[in-house]
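Residues per chain, in single letters:
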Amino acid sequence: MLIVMLVIIGVSLFLLILSLFLRDPIKDLREEIDQLSLQQVQELYKIKKKLKLLEEELMIGEEDFSLKPSSTLKNPSAMEMDKPQPIHAIIKNQVWTLAASGVPIEQIANQSSLSITQVQQIIKERVEK
């Protein structure tokens with residue numbers, strides 16, 4: 001009986017020491033899950049960054065496109081006195097993109113706060129290039 005007890009204690013000590021040196025499979029799974037979650041966070045950050053750049057490029061934000069451009073609110077005599085201002089390249093890109101998508105010129109003018117003639121000139125510039 002004593003020999004059996006010593007053998008069992010010896011085997012248990014051997015298994016205890018052996019378990020200290022073996023790799024923990026749960027630890028590997030935890031590391032893998034941590035790695036995957038980190039990759040997912042990084043990809044989400046990249047997607048958000050690209051989306052923000054696209055919104056800036058197309059000037060899509062929290063603007064209300066149903067509002068009329070501020071230039072139409074001026075009286076006609078004040079509009080005639082205004083000098084034509086150069087149109088920013090981002091707005092031109094927006095106009096070209098919308099025109100290529102088949103959006104009507106009137107809607108493009110409302111969204112970009114330009115007159116219909118300015119929109120037509122921008123589209124004409126693009127066609128000539």
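For the structure itself, consult the block above.
Q: Go over helix 5 (residues 105-112) with me, naming the residues and quoting the values.
A: By the burial criterion, the buried members of helix 5 are I108, A109, Q111 and S112. The arc enclosing the buried residues of helix 5, seen along the axis, measures out at 165°, which places them on a common side. Buried residues along helix 5 sit against helix 4 (89-100) and helix 6 (116-128). Directly after helix 5, the chain includes S113, whose backbone phi takes a positive value near 60°.

Q: Please provide a residue-by-residue account of the nonpolar core, values included.
A: If you look at the biggest cluster of nonpolar residues, it comprises 9 residues: I91, V95, W96, L98, I108, A109, L114, V119 and I122. For this core, the secondary-structure elements that each account for two or more residues are helix 4, helix 5 and helix 6. The leading source of residues in this core is helix 4, at 4 residues. Sequence-distant contacts of I122, defined by excluding residues within four places in its chain, comprise I87, K92, V95, W96 and L114.

Q: Help me get a handle on the packing of helix 4 against helix 5, residues and values and all.
A: Relative orientation and spacing of two packed helices are given, respectively, by the angle between their axes and the distance between those axes. Closest axis-to-axis distance for the helix 4/helix 5 pair is 10 Å, and the angle between their directions is 150°. By the angle class used here, helix 4 and helix 5 are roughly antiparallel. Between helix 4 and helix 5 lies a crossing of right-handed hand. Facing I91, Q94, V95, L98 and A99 of helix 4, the residues of helix 5 in contact are I108, Q111 and S112.

Q: Could you give me a rundown of the packing of helix 4 against helix 6, with the residues and numbers involved?
A: Between helix 4 and helix 6, the least distance of the axes is 10 Å, while the angle of their chain directions is 80°. The angle between the axes of helix 4 and helix 6 places the two elements in the roughly perpendicular class. Residues K92, V95, W96 and A99 of helix 4 pack against V119, I122, I123, E125 and R126 of helix 6. Grouping the constituent residues of the contact of helix 4 with helix 6 by class yields 6 nonpolar, no polar and 3 charged.

Q: Go over a nonpolar patch on the surface, please, and point to the residues and values.
A: The grouping of I3, V7, V11, F14, L15, L18 and L22 at the surface amounts to a nonpolar patch, some 700 Å² of accessible area in total. Mapped onto the fold, F14 is located in helix 1 (residues 2-21).

Q: A description of the pattern of salt bridges should follow, citing residues and the corresponding values.
A: When the charged atoms of two side chains lie near each other, side chains of opposite charge can form a pair. Under the defined criterion, the tally for this structure stands at 1 salt bridge. In this structure, E125 engages K92 in a salt bridge whose closest nitrogen and oxygen atoms are separated by 3.5 Å. Residue E125 is located in helix 6, and its partner K92 is located in helix 4; the two are separated by 33 residues in the primary sequence.

Q: Tell me about the side chain of Q94, residues and numbers included.
A: Of note, Q94 is situated in helix 4. A relative accessible area of 3% places Q94 in the buried class. Apart from the residues lying within four places of it in its own chain, the contact partners of Q94 are L58, M59, Q111 and S112.

Q: Could you give an account of the environment of W96, with specific residues and numbers?
A: Looking at the element boundaries, W96 is found in helix 4. Between the C-alpha atoms of W96 and V119, which are 23 residues apart in sequence, the distance is 9.0 Å. The contact partners of W96, leaving out residues within four places of it in the chain, are I122, I123 and R126.

So, how was this worked out
Residues numbered from 1 in each chain as written. Predicted model: local features only at pLDDT ≥ 70, side-chain atom pairs only at ≥ 80, totals over all residues. Heavy atoms only, no water. Buried < 20%, exposed > 50% of the residue type's maximum accessible area, 1.4 Å probe, protein only. Helix = DSSP H or I, 4+ residues; strand = E, 2+ residues; numbered from the N terminus. Arc of directions from axis to C-beta. Contact = heavy atoms within 4.5 Å. Core = buried A, V, L, I, M, F, W, Y, C linked by side-chain atoms within 4.5 Å. Axes fitted to C-alpha atoms, helices over the stretch in contact; angles between N-to-C directions. Parallel < 35°, antiparallel > 145°, perpendicular 65-115°, else oblique. Left-handed = near helix turned anticlockwise from the far one by under 90°. Nonpolar A, V, L, I, M, F, W, Y, C, P; charged D, E, K, R; others polar. Patch = residues over 30% accessible without salt bridge, like charges linked within 9 Å, V, L, I, M, F, W, Y side chains within 5 Å. Areas by Shrake-Rupley, 256 points an atom, 1.4 Å probe, with all protein chains shown as cover. Salt bridge = Lys/Arg side-chain N within 4 Å of Asp/Glu carboxyl O.

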